[in-house]
Amino acid sequence: QVQLVESGGGLVQAGGSLRLSCAASGRTVTNYAIAWFRQAPGKEREFVAVISWSGSRSLYADSVKGRSTISRDNAKNTVYVQMNSLKPEDTAVYYCAATLRSGSSWYASWAYDYWGQGTQVTVSS
């Protein structure tokens, strides 16, 4: 079992920045790739970014590429996503998720076995 707890969400003005954290606990969490997804009201959950267990590989959705950076500190069992130049369309609940599956499935929510409860990000215009 892996437990994930997100934090760092909040209300920010357009153009601002936030850093979200995902604290992981459980057995050998450092073996898992960790991703961020988001879900806006009335929309499907969508992929944001993912980082491999070693931190050597990361992928981003086109919608956040160039504005976001995902990183992990395995000593702290924590994954971060730094989001800059935030836009109102970034408003959503942000979830972190963990998977042991290969990178070819990292964009898909079905590939993740463990999910956090989510943290709300609201970007005002």
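All of these numbers come straight from a predicted model, not from anything done at the bench.

Engineer: Which residues make up the overall build of the protein chain, and what values go with them?
Structural biologist: When helices and strands are tallied, the protein chain shows zero helices and 11 strands. Going residue by residue from the N terminus, the α and β elements of the protein chain occur as β-β-β-β-β-β-β-β-β-β-β. At 13 Å, the protein chain has a C-alpha radius of gyration in line with the 14 Å of a compact globule built from 125 residues. Once the C-alpha set of the protein chain is aligned to its principal axes, its extents read approximately 40 × 25 × 25 Å. Per-residue burial over the protein chain gives 46% buried out of 125 residues. Pairs at least 24 apart in sequence give 58% of the contacts found in the protein chain among residues at least 6 apart. Treating the 12 positive side-chain charges of the protein chain as one cloud and the 8 negative ones as another, the clouds have centres 5 Å apart.

Engineer: I'd like a description of empty space enclosed by the protein, backed by residues and values.
Structural biologist: Under the definition given, this model contains one cavity of 30 Å³ or more. By volume, the largest cavity is sized at about 50 Å³. Around the largest cavity, the lining residues are L4, C22, A24, V29, I34, R72, N74, N77, T78 and V79. For the lining of the largest cavity, the secondary structure elements donating two or more residues are β3 (18–26) and β8 (78–83). A per-class count over the lining of the largest cavity returns six nonpolar, three polar and one charged.

Engineer: Break down the layout of surface pockets for me, with residues and values.
Structural biologist: Approximately 160 Å³ is the volume found for the largest pocket. If you trace the largest pocket, you find 13 residues lining it, with R38, K43, E46, E89 and D90 closest to the centre. Of the residues in the lining of the largest pocket, the class split is two nonpolar, three polar and eight charged.

Engineer: Explain the sheet that holds β3 to me, using residue names and the numbers behind them.
Structural biologist: The four strands lie next to each other as β1-β3-β8-β7, forming an open sheet whose pairing is antiparallel. Because the sheet does not close on itself, it has two edges, and the strands there are β1 (2–7) and β7 (68–73). Going from strand to strand, the sheet's axes swing by 15° on average, the running direction of each strand aside. Looking at chain direction, β3 and β8 are connected through six bridges and run antiparallel.

Engineer: Give a detailed account of the packing of aromatic side chains, specifying residues and quantitative values.
Structural biologist: Under the criterion given, the structure shown has seven aromatic pairs. For the ring pair F37 and W115, a centre distance of 5.2 Å and an interplane angle of 55° mean the geometry is tilted. Taken together, the positions of F37 in strand β4 (residues 33–39) and W115 in strand β10 (residues 114–115) put the pair 78 residues apart, joining distant regions of the chain. Centroid distance Y112 to W115: 6.1 Å. Interplanar angle 65°. Geometry classified as edge-to-face. Relative accessible area serves as the criterion here: at 26%, W115 is assigned to the partly exposed category. What links up through ring pairs into an aromatic cluster is the set F37, F47, Y95, Y107, Y112 and W115. Its guanidinium or amino end placed over the ring of Y95, R45 lies 3.9 Å from that ring's centre, counting from NZ or CZ. In this structure, R45 packs its charged tip against the face of W115, placed 4.7 Å from the ring centre.

What counts and how
Numbers given for residues are sequential positions, taken from 1 along each chain in its written order. For a predicted model such as this one, the threshold for reporting local features is a pLDDT of at least 70, and the threshold for listing and counting side-chain atom pairs is 80 or more; totals across whole chains, interfaces and linings nevertheless cover every residue. Values reported for side chains reflect all heavy atoms of the structure, with hydrogen atoms and water molecules removed beforehand. A run of H or I in DSSP becomes a helix once it reaches four residues, and a run of E becomes a strand once it reaches two; helices and strands are each numbered from the N terminus. We compute the radius of gyration from the C-alpha atoms alone; for a globule the expected value is 2.2 Å times N to the 0.38, where N is the number of residues. Each residue is assigned to one of three classes by its accessible area relative to the maximum for its type, calculated with a 1.4 Å probe on protein chains only: buried under 20%, partly exposed between the two thresholds, exposed over 50%. Here, two residues are considered to be in contact whenever any of their heavy atoms come within 4.5 Å of each other. The charge count treats Lys and Arg as positive and Asp and Glu as negative. His and the chain ends do not count. Note on charges: their place is set at NZ of Lys, CZ of Arg, CG of Asp or CD of Glu. A cavity, in this analysis, means grid points on a 1 Å lattice covering only the protein atoms where a 1.4 Å probe fits yet has no way out; a pocket is instead an open set bounded by protein on both sides within 12 Å along at least five of seven lines, and a residue lines either one if it has an atom within 4 Å of a point. Grid points are joined across faces, edges and corners, and a volume is the space filled by probe spheres set on the points. Residues are grouped as follows: Ala, Val, Leu, Ile, Met, Phe, Trp, Tyr, Cys and Pro are nonpolar; Asp, Glu, Lys and Arg are charged; all remaining types, including Gly, are polar. The pairing criterion is simple: DSSP has to find at least two bridges between the two strands. Working convention: axes come from line fits to C-alpha atoms, limited for helices to the stretch in contact. Angles between N-to-C directions cover 0 to 180 degrees. Geometry of aromatic contacts follows a simple scheme: Phe, Tyr and Trp rings, the Trp one being its six-membered ring, pair when their centres are within 6.5 Å, and the pair is stacked under 30 degrees between planes, edge-to-face over 60, tilted otherwise. Whether a charge lies above a ring is judged from NZ of Lys or CZ of Arg, which has to be within 6 Å of the ring centre and within 35 degrees of the ring normal.

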